[in-house]
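Geometric and topological summary
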Amino acid sequence: MDSLTRPYPTGPWKSAAESAGLLREGVPAPTIFEEMTSLAVRHHAVNLGQGFPDTDGPEWIRQRAAELVMSPGATNANQYALGTGLIELRRAISEHQQRHYGLDYSPEDQVLITTGATEGIAAALLALVKPGDEVITFEPFYDSYAAMIALRGATQVVVPMNAPEFLPGPAALEAAITPRTSMIIINTPHNPTGSILTAQLRDALLEIAHRHDLWVLSDEVYEHLVYDGAHLPMASGSTASDGTEVASSKVVTVSSAGKAFSLTGWKIGWVLGAPEVVAAIRAVKQFLTYSSGPAYQHAIAHALREGDDYLREQRDGFRHRRDELVAALRDAGLDPVVPASGYFAVVDLEPWGRNDATEAARWLAESVGIVGIPVTALCRPWLSDAPLQSWMRFAFCKQPSVIAAARQALNTRIR
């Protein structure tokens, strides 16, 4: 029996793959991102599918990491960092939270460095959620949530967000809570729709979580890519109706440097929370990766302290590219949602007579010369009648020349 005919092993991997829509007749399947990238290559199409920049972050940050890697061993830049992360980086994150949001986190025991935000999410779920619990996510959702909830042995409960606002509804959230609910995952700014919470909505969600004694895991990786309005951290929320400080105890914040500084491959993230909560998450995290590259940690500490001007410039550049892509989609007869934040614009293809975005994605690559990701890839795969079937996500975190090529493809092949 060769490797292609051996049965796949049993185990939790199946539930994780199935929850993320990556199990086809019992066989693990490639992600939609892999499929769309392959289509882009095959048809020489403009790839607006994958959500990462096609240019590297600032040279002065990268140069700092390179110097540390090649320096003598005094900085220990090539050896294990502490499991909690370098104190230099934890202090820089603490200063960042105070400078930008007025939030106080002790670098000693309220900041934990993780291998990207994804590991922070995984560690928090493993630390705080029990097998058999229910975890509420809002749809569309980052696919890692579904996979990690399944690996934890918990159940994902989905609360849809409706177009075009794509905001969590307090009434729908309240209706989804059961005695088994232990956590709500909130992604703000939101991937893929670019929506951001108002202060009123944030406080309403926190009040519900507090009243039901639920954990709030807040994924805020796009915090520095807000084009309209301002990012409001969940941990900056107001007190609950009974006067209790909601944010002080059961709100866990996850973020990272990857999106902020266009250094997604460095995988430097962090978890923020109350000391006892961070300690519990650290107890799990130390048995995942233990620690991340110390040279990158040193460089990101430098970036957080010195990079505010770059963050503004990058935000302005992405805002312009967002506007270019939105205009191109409008010229092609569509009505995209103008994202207030993030890397992506989502649009309904129904005006083109395309009711299935997965099929339309293949047609777009071959006949139009542009590639996106069906929004249903970030929705419940087990529902054949899931909402947003005709919606597509396009990434604008690309070079201006790429956005211009996408606009030309839409203009010449649609009209």
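Above this text sits the structure in question.
In this report, we go over the structure that sits alongside the text. (Residues numbered from 1 in each chain as written. Predicted model: local features only at pLDDT ≥ 70, side-chain atom pairs only at ≥ 80, totals over all residues. Heavy atoms only, no water.)

This paragraph deals with the packing of aromatic side chains. Counted according to the given criterion, the structure contains 11 aromatic pairs. Between the aromatic rings of F261 and Y310, the centroid separation amounts to 6.0 Å while the plane-to-plane angle is 15 degrees, which identifies the pairing as stacked. One end of the pair, F261, is in helix α9 (residues 258-261); the other, Y310, is in helix α12 (residues 308-331), with 49 residues separating them in the sequence. For the ring pair F318 and Y343, a centre distance of 5.8 Å and an interplane angle of 80 degrees mean the geometry is edge-to-face. With a gap of 25 residues between them, F318 in helix α12 and Y343 in the loop between α12 and β11 (344-348) connect regions that are remote in the sequence. For F318, a relative accessible area of 3% corresponds to the buried category. Taken together through their ring pairs, the aromatic side chains of Y222, F318, Y343 and F344 make up a single cluster. One cation-aromatic arrangement involves R393 over F344; the distance from NZ or CZ to the ring centre is 3.6 Å. (Phe/Tyr/Trp six-rings, centres within 6.5 Å; stacked < 30°, edge-to-face > 60°. Helix = DSSP H or I, 4+ residues; strand = E, 2+ residues; numbered from the N terminus. Buried < 20%, exposed > 50% of the residue type's maximum accessible area, 1.4 Å probe, protein only. Lys NZ or Arg CZ within 6 Å of the ring centre and 35° of its normal.)

Glancing now at the pattern of salt bridges. Should the charged atoms of two oppositely charged side chains come close, the side chains can pair. Scanning the entire structure with this criterion turns up 17 salt bridges. Residue D308 is joined to R99 by a salt bridge in which the shortest nitrogen-to-oxygen separation is 3.1 Å. Remark: R99 occurs in helix α4 (residues 87-101) and D308 occurs in helix α12; sequence separation between them is 209 residues. Of the residues examined, D308 reaches a relative accessible area of 19% and is grouped as buried. Overall, R99 belongs to the partly exposed group, its relative accessible area being 39%. Here R211 and E174 are joined by a salt bridge, their closest N and O atoms 2.9 Å apart. Linking R211 in helix α8 (residues 199-211) with E174 in helix α7 (residues 170-176), this pair joins segments that are 37 residues apart in sequence. For E174, a relative accessible area of 28% corresponds to the partly exposed category. (Salt bridge = Lys/Arg side-chain N within 4 Å of Asp/Glu carboxyl O.)

The subject of this paragraph is the sheet that holds strand β14 (residues 391-395). Ordered in space as β11-β14-β13, the 3 strands form an open sheet in which the pairing is antiparallel. Lying at the two open borders of the sheet, with one neighbouring strand each, are β11 and β13 (373-374). Relative to β14, β13 runs antiparallel, the two sharing 2 bridges. If you follow P374 over to β14, its bridge partner there is M392. Strand contacts of helix α13 (residues 357-368): β13 and β14, with the helix running at about 45 degrees to β14, the strand carrying the most contacts. (Pairing = 2+ DSSP bridges. Contact = heavy atoms within 4.5 Å. Axes fitted to C-alpha atoms, helices over the stretch in contact; angles between N-to-C directions.)

Here we take up the nonpolar core. Counting residues in each nonpolar core, the largest one holds 71 residues, and the members touching the most others are L125, M183, L217, I281, M392 and F394. At 7 residues, the largest contribution of residues to this core is made by helix α5 (residues 116-128). When residues no more than four places from it in sequence are discounted, the contact partners of L217 are I121, A124, L125, M183, I184, I185, I186, V252 and V254. Counting residues in hydrophobic clusters, the runner-up holds 53 residues, among them M234, I300, A303 and V346. (Core = buried A, V, L, I, M, F, W, Y, C linked by side-chain atoms within 4.5 Å.)

Take the packing of helix α3 (residues 59-70) against helix α11 (residues 294-306) next. Axis separation between α3 and α11 bottoms out at 8 Å; the angle between their running directions is 145 degrees. Like other packed secondary-structure pairs, α3 and α11 cross with a definite hand, here right-handed. Across from W60, I61, R64, A65, L68 and V69 in α3, the residues of α11 making contact are A295, Y296, H298, A299, H302, A303 and E306. Tallied by class, the residues present in the contact of α3 with α11 amount to 9 nonpolar, 2 polar and 2 charged. (Left-handed = near helix turned anticlockwise from the far one by under 90°. Nonpolar A, V, L, I, M, F, W, Y, C, P; charged D, E, K, R; others polar.)

Moving on to the sheet that holds strand β9 (residues 251-256). Taken in spatial order, the 7 strands of this open sheet run β4-β10-β9-β8-β7-β5-β6, and their pairing is mixed. The two strands at the open ends of the sheet, each matched to only one other strand, are β4 (111-115) and β6 (155-160). Here the average twist between neighbouring strands, direction ignored, is 25 degrees. In the sheet, β9 pairs with strand β10 (residues 268-272) via 4 bridges, with the strands oriented antiparallel. Pairing of T253 across the sheet is with L272, part of β10. Sitting on the sheet, α11 is in contact with β4 and β10, with an inclination near 70 degrees to β10.

For the rest of this paragraph, the subject is the state of the cysteines. Tallied over the full model, the rule gives 0 disulfides. In this structure C379 is not part of a disulfide, and its nearest cysteine sulfur, from C397, lies 19 Å away. A relative accessible area of 1% places C397 in the buried class. (Disulfide = S-S within 2.5 Å.)

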